[in-house]
Amino acid sequence: MSEALLEASGLVAGYDVGVPIVNGASLRVEPGEIVAILGPNGAGKSTLIKAIAGLVPIAAGSIRLRGRDISRLPAHEMVRRGLGFVPQTDNVFAQMSVEDNLRLAAGILEARLRRARIDETLAFFPDLSQRRGLQAERLSGGQRQMLAVARALVVSPSVLILDEPSAGLSPKLVEIVFAKLAQIRRTGVTIILVEQNARAALAIADRGVILAEGRERHEGPAAALLGDPAIAQLYLGGRRAVLEARP
Amino acid sequence: MNLQFLADGLLSGMMIGLGAIGVTVTYSILRFANFAHGELLTSGAYVAWAASFALTALAGGAAPPLGPFSFGWTVLVGGVFAMLFSAALALAIDAVLFRRLRKGASIVVVMASFGASLALRSLIEFVFSSSPVYFSQELQISRPLGFGVRVTPDQLALIGVTAVLLVGVHLLMTRSQAGRSMRAVSENPTLARVVGVNVEDIVRLTWILGGALAAAAGAMTGILVQIRPYMGFDLLLPLFSAAILGGIGSVPGAIVGGIAIGIAEAATVDFIGSQWRAAVSFLLLIAMLLVRPRGLFGGRA
C-alpha cells in the first residue's frame, strides 16, 4: 500500500480530560482526493478535524502527514507543515481588510513569495479580487466563506480541511462553494470536508467516511455510499424523509 | 478666551495616549485589565532618572543641556535604557505571575495585577523614598506661539518625541506582519493560531511594546513635572479612560482618547477648578460607556 498523505490512527481526543469526543477514530487520505466526513450530530466530526488541526488536545493515537508524526504539534505549526484549516464560524478576521487577511496568512511564506501568492490566490477568487480593500465584516456570507478558503489556500497547503463550509449559506451559494472546492482539487490540493449537507458533499467527494460515537462506522466510495439505501436511510437524511412522509 | 489649555492638554494627553496604548493592547490581547501598568510607567521614569545620573557621573560629572532644552544626552540615553528595562520588567512579571494564571478566570489575573501594582509601588518607594525627584531643577522660559499660547522648549521637544513614537507604533500595527499578527490575536486567537501565528510570541511582543511605551511616557512625565512613586498609579484612571474612550484594542483610539482626556483635564483646571481635574476622566469614561460602549474606534463592545 502506498504512503497516505494524511493518516490518523486510533485518535482519542476531546476538550476535557477523560471525556473523549473522538474515541478511537482512524482516517486515511490519499493525495489528491476529496474525503467527506459525515455523520449525525455529536458524532465527533468537527472534533476529529480540529484534533488533526492541533486545536483539540489528543489523548491517544497518532496523526501522520507524509509519514511524519505531527500528532503533538501546536496549531500554528500545522499550517507550516502544509495543513490548512477552515473553521466553521468566525473563520475570517472581520476587522481586517480582505487583503490584510491574506497578507497575515501569507506571513509564514518567504517574504519574496508573498505578493505573488496573494495575487495568484485573488486571481482564483475574482469576487474577492474586486474587494481587496474592503473590511471582511462587510462581505456577504458567501464571500466570507470564499475569503476563509482563500486565506487557507494562500500558503499552498497540501491538505485543506474544511469544517461545514455550507453552514448558513443559501442552496445557491452552497452550489457555488462546492463547485469552487472541486476546482481547488483540480489544482492538486487534497480536501477533507466535514459536512451536515451529506448529499452535496458526497456529490463532489471521492470517498465518504461516516462517523458515529466518535469513530468511523462506514467508509467507501462516495457513489457507493450515496447508492446504499441503508446508509442513506441512517445517515443521509433518508430516515427523516420517511418519517416526514407519514401522515 | 485663553487657549493655553489646548497646548497643555495636548501634551499631557499625548503622554496619556502613549501609556494607554499599552493598556489597550494588553487588554485586547491578554483579555484582562492590567492594574500594574502604572508601575511600568513609574519604574520607567525612575530608571531613566537613575540611568541619566549614572551616565552623567560616568561622563565626568557634567552633561550640558542640549540647545534650549533642560536635558542633555544622558537623559535621552537613560530614556532608551528605561524603555528596555520596563519591557524586560513586563516580560518578567508575565513569566513569574500572569502566565501561570492566564488559563483561569480573568478576575484572578486582574487581582494578581493589583497585587503586582502594590508590590512594585512599595518596592519603588523603598528604593527611591517617597520624596519626588527631578531630572533638572532648571527653570525654563516659555515662548509665545500665538493666540496667547506659550510653550517651553521641553514641551515642544516632548510633543515631537511622542508624535514620532505614536507614528512608529501606528506603522508597526498597520504595516508590519507583527502588527497584523497582534490585531489577529486580539480579534480571534484561535483563528490566529490556525493561520500560523504563535500566540505566545505575540503575547511577549505585547508586553515589550506596552512596557517600553509606558517607560517613555513615565520618563517624559518626569521631565515635565516630577518623578514620584505614585505617579503611575495616579495616571491609571486617565490611562484606562483613554483606552476605553478610543475603543479597546485600537491604537489610534488610545491616542485620540488620551488627547481628549488631556484637553478635558486642562480645560477643567482652567475653567472650573483644579480640584475637579481627577473627576474628568471618570466622567468621560462613564459617558462613553453609556453612549457608545465600544469606544470611538472599537470594533466590538
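K.L.:
Help me out: how do you make sense of the packing of aromatic side chains in this one?
P.N.:
How two aromatic rings sit relative to each other is given by the distance of their centres and the angle of their planes. In the structure shown here, the tally under the stated rule is 11 aromatic pairs over all chains. Taking 5.2 Å as the distance between ring centres and 25° as the angle between the ring planes, the aromatic pair formed by Phe35 of chain B and Phe240 of chain B counts as stacked. One end of the pair, Phe35 of chain B, is in the loop between helix 1 (4–30) and helix 2 (37–58); the other, Phe240 of chain B, is in helix 9 (residues 231–246), with 205 residues separating them in the sequence. Clustering of aromatic rings is evident, with ring pairs tying together Tyr46, Trp49, Phe53 and Phe128 of chain B. One Lys or Arg, Lys180 of chain A, reaches over the ring of Phe124 of chain A and ends 4.5 Å from the middle of that ring.

K.L.:
Just to check I follow, could you spell out the sheet that holds strand 1 (residues 6–13) of chain A for this structure?
P.N.:
What holds strands together in a sheet is hydrogen bonding between their backbones, with the strands either parallel or antiparallel. Residues and elements named next belong to chain A. Strands sit in the order 2-1-4-5 across an open sheet of four strands; the sheet is antiparallel. Each end of this open sheet is capped by a strand with a single partner; those strands are strand 2 (22–29) and strand 5 (68–69). Here strand 1 runs beside strand 4 (residues 58–65); their pairing, made up of six bridges, is antiparallel. Across the sheet, the residue bridging to Ser9 is Ser62, located in strand 4. On top of the sheet, helix 1 (residues 45–52) reaches strand 1, strand 2 and strand 4; it is set at about 115° to strand 1, its chief contact.

K.L.:
What exactly am I supposed to notice about helix 8 (residues 199–224) of chain B here?
P.N.:
The periodicity of an α-helix, 3.6 residues per turn, causes residues three or four places apart in sequence to face the same way. For helix 8 of chain B, built from 26 residues, the straight-helix expectation of 38 Å at 1.5 Å per residue is met to within 8% by its first-to-last C-alpha distance of 37 Å. A large share of helix 8 of chain B lies buried, amounting to 20 of its 26 residues.

K.L.:
I'm lost on the nonpolar core in this one. Help?
P.N.:
Counting residues in hydrophobic clusters, the biggest one holds 162 residues, and the most contacted among them are Leu11, Leu27, Ile52, Leu128, Leu160, Ile184 and Ile192 of chain A. Looking at this core element by element, the count peaks at 13 residues for helix 8 of chain B.

K.L.:
What exactly am I supposed to notice about the sheet that holds strand 6 (residues 83–86) of chain A here?
P.N.:
Residue and element names in this part refer to chain A. Spatially, the six strands line up as an open sheet ordered 6-7-8-3-9-10, and their pairing is mixed. Of all strands in the sheet, those with a lone pairing partner are strand 6 and strand 10 (215–221), marking the two edges. Each neighbouring strand pair of the sheet contributes to a mean axis angle of 15°, computed without reference to strand direction. Relative to strand 8 (residues 190–194), strand 7 (residues 159–163) runs parallel, the two being bridged by five bridges. For Leu160, the partnering residue across the bridge sits in strand 8 and is Ile191. Of the strands in this sheet, strand 6 and strand 7 are in contact with helix 6 (residues 141–153), which crosses strand 6 at around 165°. Here helix 7 (residues 171–185) sits on the sheet and contacts strand 3 (34–38), strand 7 and strand 8; the angle it forms with strand 8, its principal contact strand, is near 150°.

K.L.:
Explain the environment of Ala232 of chain A here, please?
P.N.:
Examined against the element boundaries, Ala232 of chain A turns out to sit in helix 10 (residues 229–235). Here the alpha-carbon distance between Ala232 of chain A and Ala203 of chain A, two residues 29 residues apart in the chain, equals 13 Å.

K.L.:
In this structure, what is going on with the pattern of salt bridges? I would like to understand it.
P.N.:
Pairs can form between side chains of opposite charge once their charged atoms are near each other. All names here are of chain A. Taken as a whole and assessed by the stated rule, the structure comprises 23 salt bridges over all chains. Put simply, Glu99 and Arg115 hold a salt bridge, and the shortest N to O gap is 2.8 Å. Residue Glu99 is found in helix 3 (residues 98–106), and its partner Arg115 is found in helix 4 (residues 111–124); the two are separated by 16 residues along the sequence. Assessed through its relative accessible area of 35%, Arg115 is described here as partly exposed.

K.L.:
Which parts of the structure should I look at to understand the environment of Trp49 of chain B?
P.N.:
Residue and element names in this part refer to chain B. Mapped onto the elements of the fold, Trp49 is located in helix 2. Expressed as a C-alpha distance, the spacing of Trp49 and Ser130, which sit 81 residues apart in the sequence, is 15 Å. With near-sequence residues (within four places) excluded, Trp49 lies in contact with Phe128, Val133, Tyr134, Phe135 and Ile227. Within the local environment of Trp49, its side chain forms a polar contact with the backbone oxygen of Tyr134, the two atoms lying 3.1 Å apart.

K.L.:
Help me out: how do you make sense of the side chain of Ser158 of chain A in this one?
P.N.:
With respect to the secondary-structure elements, Ser158 of chain A resides in the loop between helix 6 and strand 7. Ignoring anything within four residues of it in the chain, the contact list for Ser158 of chain A reads Leu5, Arg66, Arg81, Gly82, Val189 and Thr190 of chain A.

K.L.:
Is there a simple way to explain the confidence of the model for chain B in this structure?
P.N.:
Keep in mind that low pLDDT regions are not for reading the predicted coordinates in detail. All names here are of chain B. Of all residues in chain B, 99% attain a pLDDT of 70 or more, and the chain-wide mean is 90. Per-element confidence in chain B ranges from a low mean pLDDT of 80 for strand 1 (residues 143–146) to a high of 96 for helix 7 (residues 189–194). If you check the scores for this complex, the pTM reads 0.88 and the ipTM reads 0.90.

K.L.:
Just to check I follow, could you spell out the interface of chain A and chain B for this structure?
P.N.:
Note: interface size is frequently given as the accessible area lost on complex formation between the parts. Counting residues at the interface gives 22 residues for chain A and 17 residues for chain B. A combined buried area of about 1800 Å² lies between chain A and chain B, and 59% of that area is made up of carbon and sulfur atoms. Broken down residue by residue, the surface that chain A buries against chain B is led by His76, Phe93 and Leu104 of chain A, which jointly contribute 32%. Counting every contact that joins chain A to chain B gives two salt bridges. One salt bridge in this structure joins Arg183 of chain B and Asp100 of chain A, with 3.1 Å as the shortest N-O distance. Inspection of the region where chain A meets chain B yields seven residue pairs in polar contact (both at pLDDT 80 or more). Broken down by secondary-structure element, the contributors of at least two residues to the side of chain A that touches chain B are helix 2 (75–78) and helix 3 of chain A. The element best represented in the side of chain A that touches chain B is helix 3 of chain A, accounting for four residues. When the residues that make up the side of chain A that touches chain B are grouped by side-chain class, the tally is 12 nonpolar, five polar and five charged.

K.L.:
Quick question: what am I supposed to make of the pairing of strand 6 of chain A here?
P.N.:
Two faces, one strand: in a regular strand the side chains alternate between the faces of the sheet. All names here are of chain A. A two-sided burial pattern is seen for strand 6, the buried positions comprising Leu83 and Phe85 on one face and Gly84 and Val86 on the other. Here strand 6 runs beside strand 7; their pairing, made up of four bridges, is parallel. Its bridge partner being in strand 7, Val86 is matched across the sheet by Leu162.

K.L.:
Would you mind showing me how to read the side chain of Asp163 of chain A here?
P.N.:
Residue and element names in this part refer to chain A. With respect to the element layout, Asp163 can be found in strand 7. In this structure Asp163 is buried but unpaired, with Lys50 as the nearest side chain of opposite charge at 4.5 Å. Polar side-chain contacts of Asp163 include one of 2.8 Å to the side chain of Ser46. If we skip the residues at most four places from it in the chain, Asp163 touches Ser46, Ile49, Lys50, Phe85, Val86, Pro87, Gln88 and Val194.

Reading guide: rules and limits
- Per-chain numbering applies: the sequence of each chain, read as written, is numbered from 1 onward.
- Labels follow written order: the first chain is A, the first ligand is 1, and so on.
- A pLDDT threshold of at least 70 governs which residues receive local features in this predicted model, and a stricter bar of 80 or more applies before side-chain atom pairs are shown or counted, although totals over entire chains, interfaces and linings include all residues.
- Hydrogens and water molecules were not included; the side-chain quantities draw on all heavy atoms of the structure.
- Each Phe, Tyr or Trp ring, with Trp reduced to its six-membered ring, pairs with another whose centre is within 6.5 Å; inter-plane angles below 30 degrees give stacked pairs, above 60 give edge-to-face pairs, and intermediate values give tilted ones.
- Numbering of helices and strands starts at the N terminus; helices are DSSP runs of H or I of at least 4 residues and strands are runs of E of at least 2.
- Whether a charge sits over a ring depends on NZ of Lys or CZ of Arg being within 6 Å of the ring centre and within 35 degrees of the ring normal.
- Two strands pair if DSSP finds at least two bridges between them.
- Contacts are assigned to residue pairs with any non-hydrogen atoms lying within 4.5 Å of each other.
- Throughout, an axis means a line fitted to C-alpha atoms (over the contacting stretch in the case of helices), and angles, computed between N-to-C directions, take values from 0 to 180 degrees.
- A helix is expected to span 1.5 Å for every residue after the first.
- Note on exposure labels: buried denotes an accessible area under 20% of the residue type's maximum, exposed denotes more than 50%, and partly exposed covers the range between, all computed with a 1.4 Å probe on protein chains only.
- Definition used in this section: a nonpolar core is a set of buried Ala, Val, Leu, Ile, Met, Phe, Trp, Tyr and Cys residues joined via side-chain atoms within 4.5 Å.
- Each reported salt bridge corresponds to a side-chain nitrogen of Lys or Arg within 4 Å of a carboxyl oxygen of Asp or Glu.
- Within 3.5 Å is the distance limit for a polar contact, defined as a pair of N or O atoms, with the added protein rule that one can donate a hydrogen and the other accept it, and that residues adjacent in sequence qualify only through two side-chain atoms.
- For every residue, the pLDDT score states the predictor's confidence, bounded by 0 at the bottom and 100 at the top.
- Note: buried area is the sum, over both parts, of the accessible area (probe 1.4 Å) each one loses when the two are combined.
- Amino acids are sorted into nonpolar (Ala, Val, Leu, Ile, Met, Phe, Trp, Tyr, Cys and Pro), charged (Asp, Glu, Lys and Arg) and polar (every other residue, Gly among them).
- By the counting scheme adopted, Arg and Lys are positive, Glu and Asp are negative, and His together with the chain ends is not counted.

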